[in-house]
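# Coordinates in review
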Amino acid sequence: MAEKLEPAKVLYCGVCSLPAEYCEFGPDFERCKPWLVENAPDLYPDLLKEANEKAADNVSDKLQSVGISSGGADGAPSSAHTGGTSKKEEVKRLPGGKVKKKERQEVIIEKVVRNKRKCITIVKGLELFGIKLSDASKKLGKKFATGASVVKGPTEKEQIDVQGDIIYDIVEFITDTWPDVPERSIYFIEDGKKVQAA
Amino acid sequence: MFKKFSLEEISSQNQVKASVQRRIRQSIQEEYPGLETVLEDLLPKKSPLIVVKCPNHLTLVVVNNVPLFFCIRDGPYMPTLRLLHQYPNIMKRFQVDRGAIKFVFSGANIMCPGLTSPGGVLDEEVDAERPVAIYAEGKQHALAIGFTKMSAKDIKSINKGIGVDNMHYLNDGLWKMERLD
Ligand SMILES: [Zn+2]
């Protein structure tokens, strides 16, 4: 008998699961980058350069801010400087400071049938309104007397899975419990389409 | 095939009769003689071979919750990409040029020019209606499992239209279904 075949070892990306060399064609290359710099620097030599440049940028940013504060101490800040600082504060003051700027603030509710009979209701996006998912999951479980848990969805983003079909009552519950979430920001996924709940 | 594939698609999941298991093992062995030395590890006679039936005449062969092979209707069994990555030499290879990679990732079938351009490579021995591993210019690992619509020679001479059907590709539903639990 011939010698046994040894399985080849393939480096799969810890973020998107693809072979690391294909991350650049994957769903979100940006998110893979930090992992790749750590684990596969030879595959993407440019990334390492990029990372180093960023680090250098940060240093120069810091130097600049030192410059601003010393200008302020002199009592003669230039208009450009004050413009710069107020802009920064504005960003900070946005409601729900934790919110990533890029992401649209919306809650997505989807019903999924498992094993033909069992059904779960998936709630995504509450965290975008500054709601702690673990708390929300507890409240949902209590209100609907069912199991609810925070799980990682397909894109590694956390979502709440609630056992059972609670789709008819959930919107009211969300808007009652968290008044910060407007009804018009809540959507259902129906037959693969996004439909506004309101 | 697996663009929108998920656990909900599974219509039945059965441990099949010993005779059927034997037949499946046999046809896999005939199709992929290179696997002979590891077949007993992959499809151990002791652990049950689970056959999962899905819509569109799709069948998955699953061992210990891991999908290893799939087939359409009575077609040949084809390995999942994760399995092929482990044993890359069990299939004939084609290579697409770099420009075609993103189309393969979107599930598109493979057009002849993507295989015949300078970045592409054809194994001239491959006939029509054969399983083939799809590689890519500048990459080491396969990115899709294809089923040829025409022979490699025809792909080269006709050089127009779809040359290979894209059966299973990186990040499709089957890829995401690393395990069935
Ligand atoms: Zn990745």
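Residues numbered from 1 in each chain as written. Chains lettered and ligands numbered in written order. Predicted model: local features only at pLDDT ≥ 70, side-chain atom pairs only at ≥ 80, totals over all residues. Heavy atoms only, no water.

Using the following cut-off: UniProt positions are given in the numbering used here, feature names are shortened, and annotations may be inferred rather than shown by experiment.
Chain B appears in an unreviewed UniProt entry as PUA domain-containing protein from Eutrema salsugineum. Per UniProt, the comment on chain B under Subcellular location (unreviewed entry) is "Cytoplasm".

Under an unreviewed UniProt entry, the name given to chain A is Translation machinery-associated protein 22, and the source organism is Eutrema salsugineum. Heading Subcellular location (unreviewed entry) of the UniProt record for chain A holds this comment: "Cytoplasm". In its Sequence similarities (unreviewed entry) section, UniProt records this for chain A: "Belongs to the DENR family."

### As for the overall build of chain B
Here is the rule we go by: Think of it this way: any DSSP run of H or I at least four residues long counts as a helix, any run of E at least two long counts as a strand, and we number them from the N terminus. For each residue, the accessible area found with a 1.4 Å probe, counting protein chains only, is set against the maximum for its type, and the residue is called buried under 20%, exposed over 50%, and partly exposed in between. In what follows, residue pairs with any heavy atoms lying within 4.5 Å of each other are defined as contacts. Reported accessibility uses the Shrake-Rupley method at a 1.4 Å probe radius. Residues are deemed covered only where the shown protein chains occlude them.
Of regular secondary structure, chain B possesses seven helices and ten strands. Counting across all 181 residues of chain B, residues that qualify as buried make up 53%. When contacts within chain B are restricted to residue pairs at least 6 apart in sequence, those whose partners lie at least 24 apart make up 62%. When the accessible area of chain B is evaluated, it comes to approximately 8,700 Å², of which 48% is carbon and sulfur surface.

### Observations regarding the interface of chain B and chain A
What counts here: Accessible surface is computed with a 1.4 Å probe, and the buried area is the amount of it that two parts give up when combined, taken over both parts together. Whenever Lys or Arg places a side-chain nitrogen within 4 Å of a carboxyl oxygen from Asp or Glu, that contact is recorded as a salt bridge. Pairing of N or O atoms within 3.5 Å defines a polar contact, subject to two protein rules: one partner must be a possible hydrogen donor and the other a possible acceptor, and residues neighboring in sequence count only if both atoms are side-chain atoms. Residue polarity follows a fixed list, in which Ala, Val, Leu, Ile, Met, Phe, Trp, Tyr, Cys and Pro are nonpolar, Asp, Glu, Lys and Arg are charged, and the others, Gly among them, are polar.
Every contact between the two is made by 24 residues of chain B and, on the other side, 23 residues of chain A. Together, the buried faces of chain B and chain A total about 2,000 Å²; carbon and sulfur atoms form 60% of this surface. On the chain B side of the interface with chain A, the three residues burying the most area are Thr37(B), Lys139(B) and His141(B), jointly 27% of the side's total. Linking chain B with chain A are three salt bridges, by the criterion used here. Measuring nitrogen to oxygen at the nearest pair gives 2.4 Å for the salt bridge that ties Glu24(A) to Lys139(B). Scanning the region where chain B abuts chain A turns up eleven residue pairs in polar contact (both at pLDDT 80 or more). When residues of the side of chain B that touches chain A are traced back to their parent elements, those giving at least two are helix 2 (36-42), helix 3 (81-86) and helix 4 (101-105) of chain B. A breakdown of the residues in the side of chain B that touches chain A according to their chemical character gives ten nonpolar, eight polar and six charged.

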